[in-house]
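Here's the letter readout for the chains.
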Amino acid sequence: MRIGELADLVGVTTRAVRHYHRIGLLPEPSRQPNGYREYSLRDAVELARVRRLTELGLSLDEVKNVLADDAGRDLIEIVAELDADLARQEEAIRQRRARLGQLLAQAERTGRLPADAPVSPELTALFDVMARASAQVPGPEPLSAARERELLALLETASPGIDRGWFDALVHSLSADPDAMRRAYAVYALLDELAGAAEDDPRVARTGRAIADAIPDEAVRAMNLPEDGDVAEPGGFAHAFFADFAPAQAAALRRGIELLRERAG
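Residues numbered from 1 in each chain as written. Predicted model: local features only at pLDDT ≥ 70, side-chain atom pairs only at ≥ 80, totals over all residues. Heavy atoms only, no water.

Student: Describe the overall build of the protein, listing the residues and the values that go with them.
Tutor: Tallying secondary structure elements over the protein gives 14 helices and zero strands in all. The order of α-helices and β-strands along the protein, N terminus first, is α-α-α-α-α-α-α-α-α-α-α-α-α-α. Per-residue burial over the protein gives 37% buried out of 265 residues. Contacts in the protein between residues at least 24 apart in sequence constitute 58% of all its contacts with a sequence separation of at least 6. Entry remark: accessible area of the protein is about 16000 Å², with carbon and sulfur atoms responsible for 53%. (Helix = DSSP H or I, 4+ residues; strand = E, 2+ residues; numbered from the N terminus. Buried < 20%, exposed > 50% of the residue type's maximum accessible area, 1.4 Å probe, protein only. Contact = heavy atoms within 4.5 Å. Areas by Shrake-Rupley, 256 points an atom, 1.4 Å probe, with all protein chains shown as cover.)

Below, the structure written as structure tokens:
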């Protein structure tokens, strides 16, 4: 058989056959006096096996190892690894489809998706609770509520390896306790009032107390609260966090953290 006939028989391209020769995957066949390669049935059998192995997902280097191992032990190991890898991919796809299904269900219920989507199912549930609480508050939603959602989405995304006990406790408390959500929205309103206030405004202390009172005990116990020095250190997360607020708002947040540190002992 000529190379074109071999390629057509096995269902590959002549370019692929030549590449397999170059990398030593298939031996070069003998040539006829006219210079053409002459392929045998054995060459077709080997090429067909290469195609089957690559269709399983093996790399060409792995195929070469399999073909060099007459006992087939490498193939067993490689196929087992491929199966495990495909199982991991299958589970990841299942989880992604489940998450997409939740987003589509949320969009069907509300007619839209929040600006912070996609987030975890837990945060999605919390944001739904926030939306219902916001609908019960006169006037537009406090800007601080939207900022809270952005912060929670950031912390969930950026901190996958840290102890999330305080985060999970906070999310659970706000989601499960209507009073906790009402207190949170009262805090959001107080923070919004401080947007243009001075740092020595008497409302700062009242807002700081409200912030501390709104955090459940289980979350406080799990929190790693920043010290004053950490807050002032340039380049740190705490410094960037407080710099994002107006001066009076940042002062109220600092006071709230002081009170939380006292509660934590």
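Student: Can you explain helix α14 (residues 247-264)? Please cite residues and give values.
Tutor: The end-to-end C-alpha distance of α14, which contains 18 residues, comes to 26 Å, matching closely the 26 Å that a straight helix rising 1.5 Å per residue would cover. Phi turns positive one or two residues past the end of α14, at Gly265, with a value near 85 degrees. (Expected span 1.5 Å × (residues − 1).)

Student: Can you explain the packing of helix α1 (residues 3-10) against helix α2 (residues 14-22)? Please cite residues and give values.
Tutor: The relative placement of two packed helices is expressed as an angle between their axes plus a distance between the axes. Look at α1 against α2: their axes get within 9 Å of each other, and the N-to-C directions meet at 105 degrees. In this view, α1 runs roughly perpendicular relative to α2, as classed from their interaxial angle. Residues Ile3, Gly4, Leu6 and Ala7 of α1 lie in contact with α2, whose contacting residues are Thr14, Val17 and Arg18. Partitioning the contact of α1 with α2 into residue classes produces four nonpolar, two polar and one charged. (Axes fitted to C-alpha atoms, helices over the stretch in contact; angles between N-to-C directions. Parallel < 35°, antiparallel > 145°, perpendicular 65-115°, else oblique. Nonpolar A, V, L, I, M, F, W, Y, C, P; charged D, E, K, R; others polar.)

Student: Summarise the nonpolar core; cite the residues concerned and give the values.
Tutor: Membership of the largest hydrophobic core comes to 28 residues, with the highest contact counts inside it found for Leu123, Leu126, Met130 and Met181. If near-sequence neighbours (up to four positions away) are discounted, Met130 is found in contact with Glu141, Ala145, Arg149, Met181, Tyr185 and Tyr188. If you look at the next biggest cluster of nonpolar residues, it comprises 22 residues, including Ile3, Val17, Tyr39 and Val50. (Core = buried A, V, L, I, M, F, W, Y, C linked by side-chain atoms within 4.5 Å.)

Purely geometric numbers; function is a separate question.
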